[in-house]
There are 2 protein chains.
Amino acid sequence: MKSVIELQEIFNNYLAEQSFEKQPKELYEPFNYILSLGGKRMRPIMVLLGCEMFSNKGETALSQAIAIELFHNFSLIHDDIMDNAPMRRGKPTVHEKYNKNVGILSGDVMLIYAYEYLLCNSGVKTEQLVQLFNKTAIEVCEGQQLDMNFENEMYVSVNDYLKMIELKTAVLLGSALKMGSIIGGAKEQDAQKIYEVGRLLGIAFQLQDDLLDSFGDVKKFGKQLGGDIIQNKKTILLIEAIENASTEQRNQLITWLEKKNFDPKEKVNSIMDLYYQLNIQDIVEKKMLKYYNEALTNLDEIDIPEINKSGLRRFAELLLVRES
Amino acid sequence: MKSVIELQEIFNNYLAEQSFEKQPKELYEPFNYILSLGGKRMRPIMVLLGCEMFSNKGETALSQAIAIELFHNFSLIHDDIMDNAPMRRGKPTVHEKYNKNVGILSGDVMLIYAYEYLLCNSGVKTEQLVQLFNKTAIEVCEGQQLDMNFENEMYVSVNDYLKMIELKTAVLLGSALKMGSIIGGAKEQDAQKIYEVGRLLGIAFQLQDDLLDSFGDVKKFGKQLGGDIIQNKKTILLIEAIENASTEQRNQLITWLEKKNFDPKEKVNSIMDLYYQLNIQDIVEKKMLKYYNEALTNLDEIDIPEINKSGLRRFAELLLVRES
């Protein structure tokens, strides 16, 4: 049973071997650019891990791991255009570095290449893999649309928010693990269980992300805290705060949300103050742990030796016990 | 052997049965909108025709015909954003009617659905179909990039232009016919020949398109002539004109291309005058016929009864002997 670190190295070596140096260069340069920005490669490693758990041969899912990483990067390029985001991982986003048209088109090509890798060496499991991939890809786009819709809505319910992050973020993690497990020969029931592990961890991961933006350790988080607060981003913190606030507290919150001119520091401090009064950190941490524990329950129920689960257990810890 | 008209009806009925009325509606409304704009459904009919020719069962390729139509519409939505085009088939483009973000995201989902249909009921031929589809899809994107690059280049050679339209337009027609033929059970050699038929017809079709914009019959063409001229679009007419012009004529052309303020009618008349002097219509018509005849030569060589070729022969005529 290979460790997460070993699988990560196997993936990075394979990725480095792939060549996207094609013509016209305007189309392919952004490929190499966004892939070079790095990131934790969480999703492709989950593909390899899902495969390794059931077969001890994680590397047989390398093509599909690339497919998932390309899909993820395609969605980052297009989302960054839609969100008008200037920076990604501390560097200019693709549309900032090149232009929007290049971003749209190279994203499109990246999605096509994702299918190219998905179906490479997939053997008899093609149909299953494509169905899973298509379903997931469509859900991720639906999640992004819901997220954009939320920007224009004053109130978003906790359930609507959870549905959105499930689609936008969590299903891809579930799908990554399940895809690997299918290639590794998992029984259908186990493949479904591992999908649940990934999906539930994904929701916990996103809740953690929201928490870190307000309650993280500045030094370890690596960016200014409170960015979400300044932008009125509808995070689980804000949604829970609005739901739990007294009339007076709700009015205070809304006043801040509607202010056009403000001192960012004062806004962050005032809203954080309300978060403390309302015990938001605690509420969200409990919610996050609920999903985390549910994920582990599903992992327990998978019918493979305990030793084969240790990698994913460790991975889940790393995912949640993080500071950035 | 079903006729083109029968295949068209079969396709339109099947398309009407497909439901894209899903949530969130922001994402799926543009699907129904762009598909409702109609068009000749040239590409999906070519899929059915390719299948019919080899099997007399064109309808077995219906899923793949939808896949090709969805891919084509995905590329229209994204191209219209990139080209800043306000109108498509006399109606507002998707990003004009909704907004750019909706255009990007619903285009993405449409591409994913294209794969969903492509692999539906594809049986044992999945790998072949996916390879062909991916190769073609990538080429179409490369063609769009080349087309965008041309906007910033003063001189484009005839060969570069032909390469661009081959990628942006022609390979999809070749691929549509070939995809149908594969499903219809064509031998590899015949599938390759029918691909060539489509590719060559596609080049001829695009040259015809360029011709019609300047030399069409206004009433039948349905839009003002000379739109390409006003926009300095690098069409085969302009490229041939620059290549064949005397120094004086070239200077006249360049003066018009560089003018920022002009009376559109005067510009169209002046450049048309140069086109007449240089015999551009004749030069391009000859070139177009060369591709058309080459297409027919390839069709002749396909190893099926003559009667089975009559539909495609008729289709090729309709494609080229048109006024809009």
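Residues numbered from 1 in each chain as written. Chains lettered and ligands numbered in written order. Predicted model: local features only at pLDDT ≥ 70, side-chain atom pairs only at ≥ 80, totals over all residues.

1. Some details on the overall build of chain A
For step 1, the next point in the chain: Secondary structure summary: chain A contains 16 helices and 2 strands in total.
For step 2, the next point in the chain: A globule of 324 residues ought to have a C-alpha radius of gyration of about 20 Å, and chain A, at 20 Å, matches this closely.
For step 3, the next point in the chain: Relative to its 324 residues, chain A shows a buried fraction of 46%.
For step 4, the next point in the chain: Within chain A, contacts between residues separated by at least 24 positions form 73% of all contacts whose residues are at least 6 apart in sequence. (Helix = DSSP H or I, 4+ residues; strand = E, 2+ residues; numbered from the N terminus. Rg over C-alpha atoms; globule rule 2.2 N^0.38 Å. Buried ≥ 20, exposed ≤ 12 C-beta atoms within 10 Å, placed from the backbone. Contact = placed C-beta atoms within 7 Å.)

2. Focus: the environment of B:Arg250
All names here are of chain B.
For step 1, the next point in the chain: Examined against the element boundaries, arginine 250 turns out to sit in helix H13 (residues 247–258).
For step 2, the next point in the chain: Of the residues examined, arginine 250 has 15 C-beta atoms within 10 Å and is grouped as partly exposed.
For step 3, the next point in the chain: For the pair arginine 250 and alanine 170, spaced 80 residues apart in the sequence, the C-alpha separation amounts to 30 Å.
For step 4, the next point in the chain: Non-local contacts of arginine 250, meaning those with residues more than four positions away in its chain, are made with Ile242 and Ala245.

3. Overview of helix H14 (residues 264–277) of chain B
Note that an α-helix has 3.6 residues per turn; residues three or four places apart therefore point the same way.
All names here are of chain B.
For step 1, the next point in the chain: Given a rise of 1.5 Å per residue, 14 residues ought to cover 20 Å, and the 20 Å separating the end C-alpha atoms of H14 matches this to within 8%.
For step 2, the next point in the chain: Residues of H14 that are buried: Val268, Ile271, Leu274 and Tyr275. Down the axis of H14, the smallest arc covering the buried residues is 130°, so these residues share one side. H14 presents Lys265, Glu266, Asn269, Asp273 and Tyr276 as exposed residues on the side facing more than 90 degrees away from its buried surface.
For step 3, the next point in the chain: As for H14, its buried residues are in contact with helix H9 (188–215), helix H11 (227–230), helix H12 (236–244), H13 and helix H15 (280–301).
For step 4, the next point in the chain: One or two positions beyond H14, positive phi appears at asparagine 279, with a value near 60°. (Expected span 1.5 Å × (residues − 1). Arc of directions from axis to C-beta.)

4. Notes on the relation of the copies chain A and chain B
For step 1, the next point in the chain: After a rotation of 180° and a shift along the axis of 0.0 Å, chain A superposes on chain B with an RMSD of 0.0 Å. The symmetry that links the two subunits is that of a two-fold axis.
For step 2, the next point in the chain: Taken together, the interface assignments show that 100% of the residues at the interface of chain A recur at the interface of chain B, consistent with an identical surface on both copies. (Least-squares fit on C-alpha atoms with pLDDT ≥ 70 in both.)

5. Concerning the interface of chain A and chain B
For step 1, the next point in the chain: Taken together, the contacts link 28 residues of chain A with 28 residues of chain B.
For step 2, the next point in the chain: Breaking the side of chain A that touches chain B down by element, the ones donating at least two residues are helix H2 (25–36), helix H4 (62–82), helix H6 (100–118) and helix H7 (126–151) of chain A.
For step 3, the next point in the chain: With 12 residues, the top contributor of residues to the side of chain A that touches chain B is H7(A).
For step 4, the next point in the chain: For the side of chain A that touches chain B, the class distribution of residues is 17 nonpolar, 7 polar and 4 charged. (Nonpolar A, V, L, I, M, F, W, Y, C, P; charged D, E, K, R; others polar.)

6. Points about the environment of A:Leu105
For step 1, the next point in the chain: Following the sequence through the fold, A:Leu105 ends up in helix H6.
For step 2, the next point in the chain: Residue A:Leu105 is classed as buried on the basis of its C-beta count, with 26 C-beta atoms lying within 10 Å.
For step 3, the next point in the chain: For A:Leu105 and A:Glu248, which are 143 residues apart along the polypeptide, the C-alpha to C-alpha distance reads 49 Å.
For step 4, the next point in the chain: Non-local contacts of A:Leu105, meaning those with residues more than four positions away in its chain, are made with A:Leu27, B:Met82, B:Cys141, B:Gln144 and B:Gln145.

7. Quick look at helix H16 (residues 306–320) of chain A
Residue and element names in this part refer to chain A.
For step 1, the next point in the chain: For H16, which comprises 15 residues, the first-to-last C-alpha distance of 21 Å matches the rise-based estimate of 21 Å (1.5 Å per residue) to within 8%.
For step 2, the next point in the chain: Residues of H16 that are buried: Gly311, Leu312, Phe315 and Ala316.
For step 3, the next point in the chain: Where H16 is buried, its residues touch helix H1 (4–17), helix H3 (42–55), helix H9 (188–215) and helix H15 (280–300).

8. Considering unusual backbone geometry
For step 1, the next point in the chain: Following A:Gln23, the chain continues into A:Pro24 via a peptide bond in cis, with omega recorded as -10°.
For step 2, the next point in the chain: Residue position: A:Pro24 is located in the loop between H1 and H2.
For step 3, the next point in the chain: In this structure, B:Asn56 is a non-glycine residue whose phi angle is positive, near 60°.
For step 4, the next point in the chain: On the secondary structure map, B:Asn56 appears in the loop between helix H3 (42–55) and helix H4 (62–82).
For step 5, the next point in the chain: One non-glycine residue, B:Arg89, lies in the positive phi region at around 50°.
For step 6, the next point in the chain: Positionally, B:Arg89 belongs in the loop between strand S1 (87–88) and strand S2 (91–92).
For step 7, the next point in the chain: Owing to 12 C-beta atoms within 10 Å, B:Arg89 belongs among the exposed residues under this scheme.

9. Quick look at the nonpolar core
For step 1, the next point in the chain: If you look at the biggest cluster of nonpolar residues, it comprises 197 residues, and the most contacted ones within it are A:Ala114, A:Ala204, B:Ala114, B:Leu201 and B:Ala204.
For step 2, the next point in the chain: Taken domain by domain, the makeup of this core includes at least three residues from each of domain 1 (1–186) and domain 2 (187–308) of chain A.
For step 3, the next point in the chain: The contacts of B:Leu201, once residues within four sequence positions are left out, are B:Leu173, B:Tyr292, B:Ala295, B:Ala316 and B:Leu319. (Core = buried A, V, L, I, M, F, W, Y, C linked by C-beta atoms within 7 Å. Domains from an automatic or database assignment.)

10. Let's talk about the domain arrangement of chain A
Residues and elements named next belong to chain A.
For step 1, the next point in the chain: The domains assigned to chain A are domain 1 (1–186) and domain 2 (187–308).
For step 2, the next point in the chain: The C-alpha-based centres of domain 1 and domain 2 are spaced at 23 Å.
For step 3, the next point in the chain: Counting residues at the interface gives 25 residues for domain 1 and 22 residues for domain 2.
For step 4, the next point in the chain: Listing elements by their share of the side of domain 1 that touches domain 2, those giving two or more residues are H3 and helix H8 (158–183).

11. Side note on the environment of A:His78
For step 1, the next point in the chain: Inspection of the secondary structure puts A:His78 in helix H4.
For step 2, the next point in the chain: Not counting residues up to four positions away in its chain, the partners in contact with A:His78 are A:Gly107, B:Ile104 and B:Asp108.

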